[in-house]
Amino acid sequence: MARQIGVRDPRTGRTDETLRCADAAEVAAAADRARAAQPGWLALGTAGRVAALRALRDAIAERDTAMTAALVRDTGRLQVSRLEIDSVLASLDRWCERAPGLLGTAGPDPAPTSMPGIGLRQAPLPYPLVGAISPWNFPLLLAMIDVVPALLAGSAVLLKPSEITPRFAAVLRACVAEVPALDGVLTVVDGDGATGAAVVDTVDLICFTGSVRTGRAVGAAAAARFIPAFLELGGKDPAIVCADADLDRAAQAVLYGGTVNTGHSCMSIERVYAAEPVFEEFVDLLVARARKVGPAYPEVTDGELGPIISAAQVEIIRDHLADAVARGASVRCGGEIRVLGGGAYLEPTVLTGVDHSMKVMREETFGPVLPVMAFADADEAVRLANDSEYGLSAAVFAATTEAALAVGERLEAGGISVNDASLTGFVQDGEKNAFKSSGLGGSRMGPASIRRFQRQRSFLIRSPEDRAPWWFG
Ligand code: NAD
């Protein structure tokens, strides 16, 4: 009897669906099918795979209404669900356009080498079977972010979405079923952590997006099997607001970057450092703007912030707020998790009087909470921003691009927004690595992303007329 788990609706708080979790035998069967289908998928060539993914794009676009409805049930929010779908469609367009250039070879074949008489053919070969394991905060977007380049590179994929937001998977499966070339090549397996662990145990390369804690387990399991693991984990992104920055602009960008999607975003602004001379003015501007952002309740079309998606996250956010207040923080707005219609909502919360002894400054809160701390000079701002286990991304606001870059250059993070916040969520052109505990492995953005799925091969070709000077005799 397959294991079943309950699925909660974040708007009502009720567990009103069940999810059947694939066991290790089912995952292994899906892997066998994928391995059997992958050579045919690779043989289609880049143009054939692009055509199939364009068909998948169209199928998702045609099922926009069903996909939106499923994402709303999963996450309780509407605007961001629409944004997710648009972003996935744009990403499919972008990858389909760029893949032929990135996967093709340029120049003579074989190419000359440093050794006279020896030519070189570089002929990469994709990993046959890639696993993708995704979290609940952007269910569709983060499910597809590694799947699309992996498929274009010629790999087959097993995708294991989060058990907290699994409803969109049925719609995605229906879209995949409309593209015959993807039969067996892209398989969505439902389930929880045990299903995820079975995926790690069966694939040739694993892309994992989720918490540091699970990422460590996935990294260890992958290391034991000698398969590459690309880990995209948590963050505690700092924003630095310099004294000469446009404060209103900084307040607007920090508020959006710290609270959009209810703060459930790895590259969410989770700590703000404002220069002492402008600290109070900046906080006043931030609070004034924060008070205008409200819950998406009673209608899903209301307000800006949906409910806290995961029940476990409600307790983490509550704990961080209580810890901060107990240690002397002041709540300047928000601060109270309200249960409305069964869902848990938190309005944008600005805290002052914070320091690095507090959980809200050290651990990932993953909610719409903006603790603001003053700094005396750039050295202190950089020291505080870098005083973190995490190093995903950061933001710097200053009067000029050069001044902001001068501070940004000193930050230990892979993606740094200048005079805006959380831009890596919108612009995926640049290559970046997750620093420190925020992740492991090559860039999932920019051209390098697709090459993660290729094993490089070199054919070293001696011309028939030539003999090696080192051969005996
Ligand atoms: P999580 O680690 O609890 O779960 C993520 C996924 O891992 C789920 O699908 C889960 O079923 C699966 N899983 C659990 N145990 C497993 C195991 N032993 N082996 C294999 N898979 C297993 O994370 P979450 O709470 O769903 O997501 C929130 C976290 O994700 C936050 O820390 C957030 O910062 C992070 N995140 C990171 C990025 C990024 O790009 N760096 C993006 C989004 C979210």
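All values derive from a computational prediction rather than experimental measurement.

Re the overall build of the chain
Part 1 of the argument: Scanning the chain for helices and strands turns up 15 helices and 24 strands.
Part 2 of the argument: Here the C-alpha radius of gyration of the chain, 24 Å, is about what a compact globule of 473 residues would show, namely 23 Å.
Part 3 of the argument: Each principal axis of the C-alpha atoms in the chain carries an extent, and together these give about 80 × 55 × 40 Å.
Part 4 of the argument: The buried share of the chain, reckoned over its 473 residues, is 54%.
Part 5 of the argument: Once local pairs closer than 6 in sequence are excluded, the contacts in the chain between residues at least 24 apart make up 72%.

Some details on the sheet that holds strand E7 (residues 156–160)
Part 1 of the argument: An order of E8-E7-E6-E9-E10-E22 is seen for the six strands of this open sheet, with the pairing classed as mixed. Each edge of the open sheet carries a strand with a single partner, namely strand E8 (186–188) and strand E22 (439–440).
Part 2 of the argument: Relative to strand E10 (residues 229–232), strand E9 (residues 205–209) runs parallel, the two being bridged by four bridges. If you follow Cys-207 over to E10, its bridge partner there is Phe-230.
Part 3 of the argument: Helix H5 (residues 139–153) contacts strand E6 (129–133), E7, E8 and E9 of the sheet and is inclined by roughly 175 degrees relative to E7.

Some remarks on helix H4 (residues 79–103)
Part 1 of the argument: Taking 1.5 Å of rise per residue, the 25 residues of H4 would be expected to cover 36 Å, and the 35 Å separating its terminal C-alpha atoms lies within 8% of that figure.
Part 2 of the argument: The axis of H4 is deflected most strongly, by about 30 degrees, at Glu-97, and proline Pro-100 appears within four residues downstream.

Section: the site of the ligand
Part 1 of the argument: In the vicinity of the ligand, 28 residues are found, and the nearest of them are Lys-160, Glu-163, Ser-211, Leu-233 and Glu-364.
Part 2 of the argument: Looking at the shell around the ligand, the elements with two or more residues in it are helix H7 (193–200), E9 and helix H8 (212–225).

So, the UniProt feature "active site" (unreviewed entry) in the chain
Part 1 of the argument: As annotated by UniProt and renumbered to match this structure, "active site" (unreviewed entry) occupies Glu-232.
Part 2 of the argument: With respect to the secondary-structure elements, Glu-232 resides in strand E10.

Things to note about the sheet that holds strand E19 (residues 393–397)
The strands making up a sheet associate through backbone hydrogen bonding, with each pair oriented either parallel or antiparallel.
Part 1 of the argument: The strand order across the open sheet formed by seven strands is E13-E16-E17-E12-E11-E19-E20, and the pairing between neighbours is mixed. Lying at the two open borders of the sheet, with one neighbouring strand each, are strand E13 (330–333) and strand E20 (415–418). Along the sheet, successive strands turn relative to each other by an average axial angle of 25 degrees, direction set aside.
Part 2 of the argument: Note that strand E12 (residues 269–275) and strand E17 (residues 369–375) share four bridges and pair parallel. Bridging from a neighbouring strand, Ala-275 pairs with Phe-375 of E17.
Part 3 of the argument: Lying on the sheet, helix H10 (residues 279–290) is in contact with strand E11 (237–241), E12, E13, strand E16 (349–352) and E17; it crosses E17 at an angle near 170 degrees.
Part 4 of the argument: Relative to the sheet, helix H11 (residues 311–326) contacts E13, E16 and E17, its axis offset from that of E16 by approximately 30 degrees.

Analysis parameters
- Per chain, residue numbering runs from 1 following the sequence as it is written.
- Per-residue local features are limited, in this predicted model, to residues with pLDDT of at least 70; the limit for side-chain atom pairs, both in listing and counting, is 80 or more; totals at the level of whole chains, interfaces and linings are taken over all residues.
- Processing note: side-chain calculations cover all non-hydrogen atoms of the structure and skip hydrogens and water entirely.
- Every helix listed is a DSSP run of H or I at least four residues long, and every strand listed is a run of E at least two residues long, numbered separately from the N terminus.
- Only C-alpha atoms enter the radius of gyration; for comparison, a globular chain is expected to reach 2.2 Å times N to the power 0.38, where N is the number of residues.
- Burial here depends on accessible area, computed with a 1.4 Å probe over protein chains only, as a share of the maximum for the residue type. Under 20% is buried, over 50% is exposed, and the range in between is partly exposed.
- Note on contacts: a residue pair qualifies if any of its non-hydrogen atoms lie within 4.5 Å across the two residues.
- Pairing between strands requires that DSSP locate at least two bridges from one strand to the other.
- Structural elements are reduced to axes, namely lines fitted to C-alpha atoms, with helices fitted over the stretch in contact, and the angle between N-to-C directions of any two is expressed from 0 to 180 degrees.
- Take the residue count of a helix, subtract one, and multiply by 1.5 Å to get its expected span.
- Throughout, bend refers to the angle between the axes fitted to the seven residues that end at a position and the seven residues that start at it.
- Only a single heavy atom is needed: when it lies within 4 Å of a molecule or strand, its residue is near that molecule or strand.
- UniProt positions are given in the numbering used here, feature names are shortened, and annotations may be inferred rather than shown by experiment.

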